[in-house]
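Architecture at a glance
Residues per chain, in single letters:
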Amino acid sequence: MALTSMIGVNDVAGETFTLPDAAQVGTFAEGEGMGWVSRWSAFRDQECGADASAQDALTTCSGVRQARGAFAKAFSQ
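My aim in this report is to walk through the structure given alongside it, one point at a time. (Residues numbered from 1 in each chain as written. Predicted model: local features only at pLDDT ≥ 70, side-chain atom pairs only at ≥ 80, totals over all residues. Heavy atoms only, no water.)

Here's the deal with the state of the cysteines
Taken as a whole, this structure holds 1 disulfide when the rule is applied. Linked covalently through their sulfurs, C48 and C61 form a disulfide whose S-S length is 1.9 Å. Across the S-S bond of C48 and C61 the torsion is about 90°, and the bridge reads as right-handed. Taken together, the positions of C48 in the loop between β4 (36-40) and α2 (56-59) and C61 in the loop between α2 and α3 (70-75) put the pair 13 residues apart, joining distant regions of the chain. (Disulfide = S-S within 2.5 Å. Helix = DSSP H or I, 4+ residues; strand = E, 2+ residues; numbered from the N terminus.)

Overview of unusual backbone geometry
Residue S41 is bonded to the preceding W40 through a cis peptide linkage, with omega at -10°. In this fold, S41 is placed in the loop between β4 and α2.

Concerning the packing of aromatic side chains
Considering all chains together, one arrives at 2 aromatic pairs under this definition. The interplanar angle of 25° and the centroid separation of 6.4 Å between the aromatic rings of F17 and F71 together place this pair among those described as stacked. Of the two residues, F17 is situated in strand β3 (residues 16-17) and F71 in helix α3; the sequence distance between them amounts to 54 residues. Judged on exposure class, the residue F17 and its partner F71 are both buried. Measuring from ring centre to ring centre gives 6.1 Å for F17 and F75, while their planes differ by 25°; the resulting arrangement is stacked. Of this pair, F17 sits in strand β3 while F75 sits in helix α3, placing them 58 residues apart in sequence. Here F17 falls in the buried class, since its relative accessible area comes to 15%. One aromatic cluster is present, built from ring pairs that chain together F17, F71 and F75. (Phe/Tyr/Trp six-rings, centres within 6.5 Å; stacked < 30°, edge-to-face > 60°. Buried < 20%, exposed > 50% of the residue type's maximum accessible area, 1.4 Å probe, protein only.)

Focus: the nonpolar core
Core analysis: the biggest nonpolar cluster contains 8 residues, these being I7, F17, A22, V25, V64, F71, A74 and F75. Counting residues per element, the ones that place at least two in this core are α1 (19-32) and α3. Excluding its chain neighbours within four sequence positions, the residues that come into contact with V25 are L3, S5, F17, V37 and F75. (Core = buried A, V, L, I, M, F, W, Y, C linked by side-chain atoms within 4.5 Å. Contact = heavy atoms within 4.5 Å.)

Quick look at α1
Helix length check: α1 (14 residues) gives 20 Å between terminal C-alpha atoms against 20 Å at 1.5 Å per residue, within 8%. Every buried residue belonging to α1 is among A22, V25, G26 and A29, and all of these are buried. One side of α1 carries all its buried residues, which in axial view fall inside an arc of 100°. Facing away from the buried side of α1 by more than 90 degrees, the exposed set consists of P20, Q24, T27 and G31. Residues of α1 that are buried make contact with β1 (2-6), β3, β4 and α3. At the C-terminal side of α1, G33 shows a positive phi close to 70°. (Expected span 1.5 Å × (residues − 1). Arc of directions from axis to C-beta.)

So, in structure tokens, the structure goes:
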């Protein structure tokens, strides 16, 4: 079994998957012996630039304040 989360701003209005959410999912997955934890999409694991649009947050960045790769780190803590 695997878990794949859409990190940051979600494609459902008003939903945002945060870094604390990622840490909670990682802890849960480890405790339950999950075989795989991933994120959609790895290239979104970075903060949007100042000139990014709302659409960019769905395709090229997370839409939340974060360091590059912070979601990957949070999942694995």
